[in-house]
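The chain contents come next:
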Amino acid sequence: MTMTEELITTAVSDLPVYIPVRAPRLRLQRLAFGLSVVVPAIGAVAAPIVSWRVGFSWVEPVTFLGMLVITGLGIEAGYHRLFAHGSWKTTRSIRVLMAIAGNMGVQGPVLYWVAHHRLHHPNSDGALDPHSPHHHPDGAFAGFVHSHVGWFFSANRASPGRFVRDLLNDRTIVAVNRLNPAWLLLSVALPAAVGGLGTWSLQGALVGFLWGGLTMGMVLSIPLLLFGIVLIAIALSRPPLNAAQAVQ
Ligand SMILES: [Zn+2]
C-alpha cells in the first residue's frame, strides 16, 4: 500500500465525513473566503494602474515572482504532496515552513485543505466529493457554481478528526494552522517590506503590496478559473473516476 492509499484508508472511521460549521464561525468563514476572492481582484486591477503612474521597477517582478515561488511551493510541495499524501519526508522545521508557506497561499488553513483533499481523492466526482459539479439538487448550473467557488461557503466541512488525525497529533502544525490570519497578513506584509526597504520608500512598499501581495493572491485564484474550465469539460463528457483511478 502506498503512503497516499494508507493516509486515505486511515481516514475511514466511525466519525462522520462532514461536520457542521456553526454560527458565528460560519459567518466569519464566509466573510474571510468572500474577502479572499474580492480583495485580490481589486488589487490586481489597481497594481498595473499604480505602476503605470509611478514607473515600473525591479519591485514588480521580484515581489511577484518571489511570492509565486513561496506560495506555489507551500501549496503544491507542502499542502498537497507533503501533508495530504505524505509523498516525502523532511525535518520538523521544513514541515513548519511548508505549512506557513501554504497558509500564505490564500487557500485556507492547512488542516482544512488537507481534510478536503483526502476526502476528495477516493470520492472524486462522487456524492461525497466536496467540490463535484454533479449531484447538486438544483441542477447543472448550480452544480457548476458550487464546484467552482460555492463549496467554500458550505455550512459543512470535512471532519478533521476523521481525515487529518495524523496532523492533529502534531502540535506544531496545529499551532501553525490556528495562526492562519497571521500568515495571510505576512503574505501581503512580506512583499510590501521588500519593496519598501529595497527602495526606502512608501511607494515601493505600496507596489510590493499590490504585486507580491494582492495580484499574487489573484493569480493563485487562476487555478480556480482553470478548474472551472476543466469542470465544464467534465460535466460535458467524462464519466466519474472510480476510487482506484482517483487515488493516483
Ligand atoms: Zn492529490
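Residues numbered from 1 in each chain as written. Predicted model: local features only at pLDDT ≥ 70, side-chain atom pairs only at ≥ 80, totals over all residues.

Visitor: Just give me the short version of the overall build of the protein, but keep the residues and values in it.
Guide: Scanning the protein from terminus to terminus reveals 13 helices and 2 strands. Evaluated residue by residue, the protein yields a buried proportion of 34% over its 248 residues. Put simply, of all contacts in the protein between residues at least 6 apart along the chain, 75% involve residues at least 24 apart. (Helix = DSSP H or I, 4+ residues; strand = E, 2+ residues; numbered from the N terminus. Buried ≥ 20, exposed ≤ 12 C-beta atoms within 10 Å, placed from the backbone. Contact = placed C-beta atoms within 7 Å.)

Visitor: Could you give an account of the nonpolar core, naming the residues involved and the relevant values?
Guide: Note that soluble globular proteins tend to have their nonpolar side chains buried in a common cluster. Among the nonpolar cores identified, the biggest contains 38 residues, and Tyr-79, Val-110, Val-114 and Ala-115 are the most heavily contacted of them. Per element, the largest residue contribution to this core is 9 residues, and it comes from helix 3 (residues 59-84). Apart from the residues within four sequence positions on either side, Val-110 is in contact with Tyr-79, Phe-83, Ala-99, Gly-102, Asn-103, Ile-173, Val-176 and Asn-177. (Core = buried A, V, L, I, M, F, W, Y, C linked by C-beta atoms within 7 Å.)

Visitor: With reference to specific residues and values, describe the confidence of the model for the protein.
Guide: On average, residues of the protein score 83 in pLDDT, and 80% of them reach the 70 mark or higher. Every residue in residues 238-248 is under pLDDT 50, and counting partners more than four places away or in other chains gives 15 contacts. (pLDDT = per-residue confidence, 0-100.)

Visitor: Which residues make up unusual backbone geometry, and what are the values?
Guide: Cis geometry is found at the peptide bond from Ala-23 to Pro-24, where omega equals 5°. Examined against the element boundaries, Pro-24 turns out to sit in the loop between strand 1 (18-20) and helix 2 (25-54). Here the phi dihedral of Trp-200 falls at roughly 50°; this positive angle occurs in a residue that is not glycine. Assignment of secondary structure puts Trp-200 in the loop between helix 10 (180-199) and helix 11 (202-219).

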